[in-house]
Amino acid sequence: MKLKKISMVLAFTAIAFGAGAQSVNVQSAIQDLKKNYLKKAKAEIDLACEHENTKDDAKTWCYKGLIYARIGGEASNPKSKFKDLAPNWVEEAYAAALECKRLDTKNEFAEENNSVFRFVGNEYYSRATEAYNDKRFSDGLQNAEKAVEMFNNSGDAKFAGESLYIAGISAKAMNDNENTKKFFNQLIRKRTDKQYVYRTLFNLYKEEKNNDGAMKVATSYMKNRKNDYNAYLLMAEGYLLNNNLEKGKEMINSALDLTKDSVTLYPQILGLAAAILEGMQDYAGAEAKYNESLTLAPNQFEANFGMGKMIFNRGVDKLDAANAVPPEDESGLYDRLLEESNGFFRQSIQYFTSAINYIDALPANAQAAQRPNLFNCLSALKTVYARLEMYDDLKTVNARMDAIQKAQ
């Protein structure tokens with residue numbers, strides 16, 4: 001999430017000096033900037049920006065932007081004598097560049113002013129990234145917005161993409177759904193390749209019961225990234241929302257076709273496809289995909305947990321159905337449903353156990369990252385063992401869960 005630093009080239013020779021006493025401060029500031037006399041150049045350009053004869057001249061504001069940007073370049077150097085010259089340099093350069101652009105109706109200073117826009121945009125982007133990493137999400141959002149404005153004004157809007165991303169993930173971290181949608185939709189219009197952007201927007205619209213909005217996101221993903229298997233899987237989920245199961249399965253098959261030659265990726269996509277088929281209540285299709293994934297890669301978490309979860313949930317459904325049977329019913333339906341429920345619970349044990357064994361065999365740092373998944377597996381097994389009255393196994397699971405909670 002790091003944007004490459006942008007070099008600011010100051011093209012002084014491109015600007016002709018105007019004659020006359022009214023521009024003496026501007027000319028002096030230009031000369032002192034060339035000599036790197038930044039304290040003098042700052043004082044002179046500040047006067048020019050207030051003087052009646054020069055305050056409405058685009059060149060004045062262009063050089064204010066260039067001078068303050070140069071000061072900004074020194075601000076990060078603790079050994080520079082100019083590091084504290086203008087603590088608010090970025091705001092001053094920001095305002096100067098905007099004013100230059102407003103006054104420069106003939107674009108005489110566009111090249112130099114755009115270099116200021118890019119330099120300032122990069123500074124705001126760096127501040128946004130730092131704020132996000134420090135979990136100061138509001139600051140991250142504000143600085144990223146300013147970076148976007150600067151890059152968009154620079155004539156090179158492609159640099160705005162990473163700043164839009166920081167703005168979007170900062171908004172998401174604050175549960176600010178409207179701003180998340182605002183910035184991520186802009187990224188989609190820029191044909192972003194970030195799967196997280198499409199997935200996040202899709203889920204937001206899905207939570208809002210806006211199936212059309214979710215489907216538009218999935219469709220844009222396919223249009224923008226036609227060779228990305230994630231796009232087809234998202235389309236499958238979109239069709240599921242609209243009860244178009246056949247088209248959903250067609251998208252799943254397309255995703256599988258795109259990854260069938262990858263020994264490592266294909267088993268993962270089979271697991272993801274199985275989860276979508278489960279959502280379609282195509283349990284036979286989901287089971288087939290999970291089993292195929294496990295045949296190709298038996299030592300994995302995703303398909304083992306996915307299969308275990310699907311079977312567990314079917315056990316819960318049968319249990320709910322059994323509990324809904326009227327007490328006066330004498331057909332034996334309650335007992336049959338209860339036995340079916342227990343059968344599903346028993347069947348799930350092997351998959352949850354395999355998922356846990358996979359995590360337990362990982363290096364310590366990887367185990368830490370998988371702790372939430374481990375806890376989910378143990379929680380499911382706790383329910384299973386309690387339902388099946390497997391109390392010795394239940395004690396073992398409870399002990400592991402207690403240890404995880406104490407370690408947090």
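Below is a summary of the structure that appears in this document. These figures come from a predicted structure and were not determined experimentally.

Scoring rules and cut-offs
- Residues numbered from 1 in each chain as written.
- Predicted model: local features only at pLDDT ≥ 70, side-chain atom pairs only at ≥ 80, totals over all residues.
- Heavy atoms only, no water.
- Helix = DSSP H or I, 4+ residues; strand = E, 2+ residues; numbered from the N terminus.
- Polar contact = N/O pair within 3.5 Å; in protein donor to acceptor, adjacent residues only side chain to side chain.
- Salt bridge = Lys/Arg side-chain N within 4 Å of Asp/Glu carboxyl O.
- Buried < 20%, exposed > 50% of the residue type's maximum accessible area, 1.4 Å probe, protein only.
- Expected span 1.5 Å × (residues − 1).
- Arc of directions from axis to C-beta.
- Contact = heavy atoms within 4.5 Å.

### Details of the environment of His51
Inspection of the secondary structure puts His51 in the loop between helix 2 (38-50) and helix 3 (58-75). Spatially, the C-alpha atoms of His51 and Met222 are 56 Å apart, while their sequence positions differ by 171 residues. There is a polar contact of 3.0 Å between the side chain of His51 and the backbone nitrogen of Asn53.

### Considerations on the pattern of salt bridges
Taken as a whole and judged by the stated rule, the model has 20 salt bridges. Lys42 is paired through a salt bridge with Asp46; the nearest N and O atoms lie 3.2 Å apart. Of this pair, Lys42 and Asp46 both sit in helix 2, 4 residues apart, which is roughly one turn of that helix. You'll find Lys42 and Asp46 in the same group, each marked buried. Between Glu123 and Arg127 there is a salt bridge, with the nearest N and O atoms lying 2.8 Å from each other. Of this pair, Glu123 and Arg127 both sit in helix 5 (residues 110-133), 4 residues apart, which is roughly one turn of the helix. Judged by its relative accessible area of 26%, Arg127 falls in the partly exposed class. Connected through salt bridges with shared partners, the residues Asp134, Arg136 and Asp139 form a single ionic network.

### What about helix 18 (residues 371-387)?
If you check helix 18, its first and last C-alpha atoms are 24 Å apart, about what 17 residues at 1.5 Å a residue would give, namely 24 Å. Of all the positions in helix 18, only Leu374, Cys377, Leu378, Ala380, Leu381, Val384 and Tyr385 are classed as buried. Buried residues of helix 18, seen end-on, are gathered within an arc of 160 degrees and therefore sit on one face of the element. Among the structural elements, helix 15 (302-323), helix 16 (333-360) and helix 19 (391-407) are those in contact with the buried residues of helix 18.

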